Amino acid sequence: MDAAASNPGQTERGQRRLRLILLFVLLPAVVGGLAVGVAMGGENTGIFDGDPPHWASNLGLVLVIVGVVIEVAAAIWLVATGRYRSGRQSPLIGLSWSHRRRLDRQVRRDAPEADEDRALLVETARQFVSQRYLAVLCAGLVLTSVGQVFVGFAPFHALIGGLLLVIWVVLIVSVLRNARRGEAFLRNHPDLSER
């Protein structure tokens, strides 16, 4: 039997370490390399507009098209599976912003308060789990943003594209983390979902 498989804490630490490396080392390296390439590679490249080389223009168009296709496919899947409709019919829609935040906090911390409505806690946890599709939508936005940087081929586009890339990656990580926390909440509190 594998040693990593026998110790789930060690496996989780290794996965967390890999995510941190990807987020704090690889992402800035890609964005920095892209920014340097944009600033130095194009002819007649100004701060706001540039003349991209043929390869950059083609690559950018391909990335934008693939990103849009992923976003459209995810949106069609969302409607076809009924997830869009079920999200709009959720009992959480009518709650105040502060009440929603309180429910989110209880599910994330896996600490339900005694006076909280059990059905709303379970619905919040289920919604966390079912929102994994947002990671796919954000992945399409990542590709679109990077493609636009290559098409624009100017330092301003690289800066905005880098900022958008960071935002989308943080959102993807947040959505996936909340999904895991929602699953853990439902697994740790089966008595709440029985009612």
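Since the model is a prediction, treat every value here as computed from it, not as a measurement.

In this section: the overall build of the protein chain. Along its length, the protein chain carries nine helices and zero strands. Tracing the protein chain from N to C terminus, the helices and strands come up as α-α-α-α-α-α-α-α-α. Of all 195 residues assigned to the protein chain, the portion counted as buried reaches 28%. Put simply, of all contacts in the protein chain between residues at least 6 apart along the chain, 76% involve residues at least 24 apart. Carbon together with sulfur atoms contributes 63% to the accessible area of the protein chain, which is approximately 12300 Å² in total.

The next point concerns the confidence of the model for the protein chain. Averaged over every residue, the pLDDT of the protein chain is 78; residues scoring 70 or more account for 74%. Confidence, expressed as mean pLDDT per element, reaches its minimum in the protein chain at helix 1 (residues 3–6) with 44 and its maximum at helix 5 (residues 97–109) with 91. Low pLDDT (under 50) marks residues 1–6, which in the prediction has three contacts with non-local residues, meaning those over four places away or in another chain.

What follows concerns the packing of helix 5 against helix 6 (residues 118–130). Here helix 5 crosses helix 6 at 75 degrees, and the two axes come no closer than 9 Å. Considering the angle they form, helix 5 stands roughly perpendicular to helix 6. Taken together, the residues of helix 6 that come into contact with helix 5 (itself represented by His-99, Arg-100, Leu-103, Asp-104, Gln-106, Val-107 and Arg-108) are Leu-120, Leu-121, Thr-124, Ala-125, Gln-127 and Phe-128. When its residues are assigned to classes, the contact of helix 5 with helix 6 shows six nonpolar, four polar and three charged.

In this structure, Asp-110 takes a positive phi of about 60 degrees despite not being glycine. For Asp-110, the position within the fold is in the loop between helix 5 and helix 6.

A separate point is helix 7 (residues 133–152). Each α-helix turn comprises 3.6 residues. Residues three or four places apart therefore point the same way. For helix 7, which comprises 20 residues, the first-to-last C-alpha distance of 29 Å matches the rise-based estimate of 28 Å (1.5 Å per residue) to within 8%. Within the span of helix 7, buried status applies to Tyr-133, Ala-135, Cys-138, Gly-140, Val-142, Thr-144, Ser-145, Val-146, Gly-147, Val-149, Phe-150 and Gly-152. Just downstream of helix 7 lies Phe-153, where phi reads positive at about 50 degrees.

The geometry of helix 3 (residues 54–80) relative to helix 7 is characterised by a closest axis approach of 7 Å and an angle of 160 degrees between their N-to-C directions. Taken together, helix 3 and helix 7 sit at an angle that is classed as roughly antiparallel. Read as a crossing pair, helix 3 and helix 7 show a hand that is left-handed.

Time to look at the pattern of salt bridges. Scanning the model with the defined rule gives two salt bridges in all. Ionic pairing is found between Arg-102 and Glu-116, a salt bridge with its closest N-O pair at 3.3 Å. Of this pair, Arg-102 sits in helix 5 while Glu-116 sits in the loop between helix 5 and helix 6; the two residues are 14 residues apart in sequence, bridging distant segments of the chain. Relative accessible area serves as the criterion here: at 10%, Glu-116 is assigned to the buried category. Between Glu-183 and Arg-132 there is a salt bridge; the shortest N-O distance is 2.9 Å. On the criterion of sequence distance, the pair formed by Glu-183 in helix 8 (residues 155–188) and Arg-132 in the loop between helix 6 and helix 7 is long-range, its members being 51 residues apart. For Arg-132, a relative accessible area of 33% corresponds to the partly exposed category.

Cut-offs applied
- The numbers attached to residues start from 1 for each chain and follow its sequence in the written order.
- Owing to the predicted nature of the model, reporting of local features is limited to residues with pLDDT of at least 70; listing and counting of side-chain atom pairs is limited to 80 or more, with chain, interface and lining totals taken over all residues.
- Water and hydrogen atoms play no part in the side-chain values, which are based on all heavy atoms of the structure.
- Secondary structure elements are defined from DSSP: runs of H or I of at least 4 residues count as helices, runs of E of at least 2 residues count as strands, and each element is numbered from the N terminus.
- With a 1.4 Å probe rolled over the protein chains alone, any residue whose accessible area is under 20% of its type maximum counts as buried; one over 50% counts as exposed, and the rest are partly exposed.
- Any two residues whose heavy atoms approach within 4.5 Å at even a single point are treated as in contact.
- Per-residue and other accessible areas were derived by the Shrake-Rupley procedure at a 1.4 Å probe size, with only the shown protein chains allowed to occlude residues.
- Confidence scores labelled pLDDT are given residue by residue by the predictor and lie between 0 and 100.
- A fitted line through C-alpha atoms serves as each axis, taken over the contacting stretch for helices, and the angle formed by two N-to-C directions is quoted from 0 to 180°.
- The cut-offs work like this: below 35 degrees is roughly parallel, past 145 is roughly antiparallel, 65 to 115 is roughly perpendicular, and the gaps in between are oblique.
- Under this grouping Gly is polar, as are all residues other than the nonpolar Ala, Val, Leu, Ile, Met, Phe, Trp, Tyr, Cys and Pro and the charged Asp, Glu, Lys and Arg.
- Given the number of residues in a helix, its expected span is that number minus one, multiplied by 1.5 Å.
- In a left-handed crossing the near helix is turned counterclockwise from the far helix by less than a right angle, and in a right-handed crossing that turn is clockwise.
- In what follows, salt bridge is the name for a side-chain nitrogen of Lys or Arg lying within 4 Å of a carboxyl oxygen of Asp or Glu.

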